[in-house]
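A look at the structure
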Amino acid sequence: MQVVGRRQLVAGNWKMNGDKALVGKMQKIFATAGLDNMDVVICPPSPYFGLFDGKLKLGSQNISEFDSGAHTGEVSVAMLNEFKCQYSIVGHSERRADNHESNELVALKVEQVLKAGLTPILCVGEPESVREIGKLFEFIAAQLNAVLMKVGVSQFADVVLAYEPIWAIGTGKTASPAQAQEVHAFIRGHLAKQDVNIAANIIILYGGSVKGNNAQELFSQVDVDGGLIGGASLDPQEFLSICQAANQ
Ligand code: 13P
């Protein structure tokens, strides 16, 4: 649902998938897609950035908290800027788990992305065990608070949030539209305690097994402003149909 002041956004997180051919297919299909009411962002593995022709918006899947130097395997915000990358996913649950990224490190990365004038797509979301013991909101609040403490609420004017319940990622088990809405409303309410305007205008994406056949219902929730898409972003036709759901 397009709420005044908030434009829907759909970002495709390819994770460690895709190839040169997929870059070509994606560009071809989106060249004539006519999606005027929403924004599309592709977050491919970084070696593919240079293959995009500049028509689709690009995002990275991760970013270094450092400017440059002896940090083998890392990519800097300056490098993203050179490739016209406008977004960077920060704090994805897979990086929090696989690379032991703490809330504090995630906050440093958000600060780094903002400093370079890019938009962080800050991911939050709970494991199933936390939801089961009723600590869902505390868990999400702690993830948000670490970043709020580091950069301050006013900087959230340039942040996109993504709620990705870990139990729904790559499992085919989507949060119901009501479950997504409940957490999105909590997140907006949490920010509103510090700044009502920032809270009203911030884009909050839902991620976790979004497909062409469930996108419309999820995106029609009042606090859901689009999606962060994993598996389905690797199929250009399926990804297009998700974007079309956000374009309505
Ligand atoms: P899936 O859409 O494959 O569940 O992945 C969601 C995700 O992790 C996007 O960042």
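See the structure above.
My aim in this report is to walk through the structure given alongside it, one point at a time. (Residues numbered from 1 in each chain as written. Predicted model: local features only at pLDDT ≥ 70, side-chain atom pairs only at ≥ 80, totals over all residues. Heavy atoms only, no water.)

A word on the site of the ligand. Lys15, His92, Gly170, Ser209 and Gly231 are the nearest of the 13 residues found near the ligand. One of the side-chain N or O atoms of Asn13 is found 3.0 Å from an oxygen atom in the ligand. At 2.8 Å, a side-chain N or O of Lys15 approaches an oxygen atom of the ligand. Taken by itself the ligand offers 310 Å² of open surface, and the protein chains cover 97% of this. (Near = heavy atom within 4 Å. Polar contact = N/O pair within 3.5 Å; in protein donor to acceptor, adjacent residues only side chain to side chain. Areas by Shrake-Rupley, 256 points an atom, 1.4 Å probe, with all protein chains shown as cover.)

We now examine the packing of aromatic side chains. All told, the structure shown has 4 aromatic pairs when counted by the stated rule. Both rings, one in Trp14 and one in Phe52, keep their centres 6.2 Å apart while their planes meet at 50°; by these two values the pair is tilted. With a gap of 38 residues between them, Trp14 in the loop between β1 (8–13) and α1 (20–31) and Phe52 in the loop between β2 (38–43) and β3 (57–60) connect regions that are remote in the sequence. Of the residues examined, Trp14 reaches a relative accessible area of 0% and is grouped as buried. Given a relative accessible area of 9%, Phe52 falls into the buried group. (Phe/Tyr/Trp six-rings, centres within 6.5 Å; stacked < 30°, edge-to-face > 60°. Helix = DSSP H or I, 4+ residues; strand = E, 2+ residues; numbered from the N terminus. Buried < 20%, exposed > 50% of the residue type's maximum accessible area, 1.4 Å probe, protein only.)

The next point concerns the environment of Phe139. Mapping Phe139 onto the fold places it in helix α6 (residues 136–151). With 14 residues separating them along the chain, Phe139 and Gly125 place their C-alpha atoms 7.9 Å apart. With sequence-adjacent residues up to four places away left out, Phe139 is seen in contact with Gly125, Glu126, Pro127 and Val130. (Contact = heavy atoms within 4.5 Å.)

Sheet architecture is closed into a barrel: 8 strands sit in the order β1-β2-β3-β4-β5-β6-β7-β8, paired in parallel fashion. Within the sheet, the average angular offset between the axes of one strand and its neighbour, ignoring direction, is 25°. For strand β5 (residues 119–124) and strand β6 (residues 160–163), the ladder comprises 4 bridges, and the chain directions are parallel. Its bridge partner being in β6, Val124 is matched across the sheet by Tyr163. (Pairing = 2+ DSSP bridges. Axes fitted to C-alpha atoms, helices over the stretch in contact; angles between N-to-C directions.)

Take the side chain of Asp223 next. Here Asp223 lies in the loop between α9 (215–219) and β8 (226–229). Side-chain polar atoms of Asp223 contact the side chain of Gln181, separated by 2.8 Å. The residues contacting Asp223, other than those within four sequence positions of it, are Arg6, Gln181, His184, Ala185, Arg188 and Ile204.

It is worth spelling out the packing of α6 against helix α7 (residues 177–192) at this point. Two elements in contact, α6 and α7, have axes whose closest approach is 11 Å; the angle formed by their N-to-C orientations is 40°. Taken together, the axis directions place α6 and α7 in an arrangement best described as oblique. Viewed along their axes, α6 and α7 form a crossing whose handedness is right-handed. Contact residues: Leu136, Phe137, Ile140, Ala141, Leu144, Asn145 and Leu148 in α6; Glu182, Val183, Phe186, Ile187, His190 and Leu191 in α7. Per-class residue counts for the contact of α6 with α7 are 10 nonpolar, 2 polar and 1 charged. (Parallel < 35°, antiparallel > 145°, perpendicular 65-115°, else oblique. Left-handed = near helix turned anticlockwise from the far one by under 90°. Nonpolar A, V, L, I, M, F, W, Y, C, P; charged D, E, K, R; others polar.)

To continue, consider the packing of helix α4 (residues 103–115) against α6. At a closest axis distance of 8 Å, the pairing of α4 and α6 adopts a crossing angle of 45°. Between α4 and α6, the angle falls in the class oblique. Viewed along their axes, α4 and α6 form a crossing whose handedness is right-handed. In this structure, α4 uses Asn103, Glu104, Val106, Ala107, Leu108, Val110, Glu111 and Leu114 to contact α6, whose residues at the interface are Ala142, Gln143, Ala146, Val147, Lys150 and Val151. Within the contact of α4 with α6, the residues separate by chemical class into 9 nonpolar, 2 polar and 3 charged.

Right, let's get into the pattern of salt bridges. Applying the stated criterion to the full structure yields 12 salt bridges. For Glu101, the salt bridge goes to Arg95, with nearest N and O atoms at 2.7 Å. What makes Arg95 partly exposed here is its relative accessible area of 22%. Put simply, Asp225 and Arg188 hold a salt bridge, and the shortest N to O gap is 2.9 Å. Taken together, the positions of Asp225 in the loop between α9 and β8 and Arg188 in helix α7 put the pair 37 residues apart, joining distant regions of the chain. By relative accessible area, Arg188 is classed as buried at 8%. One continuous salt-bridge network, built from bridges that share partners, spans Arg6, Arg188, Asp223 and Asp225. (Salt bridge = Lys/Arg side-chain N within 4 Å of Asp/Glu carboxyl O.)

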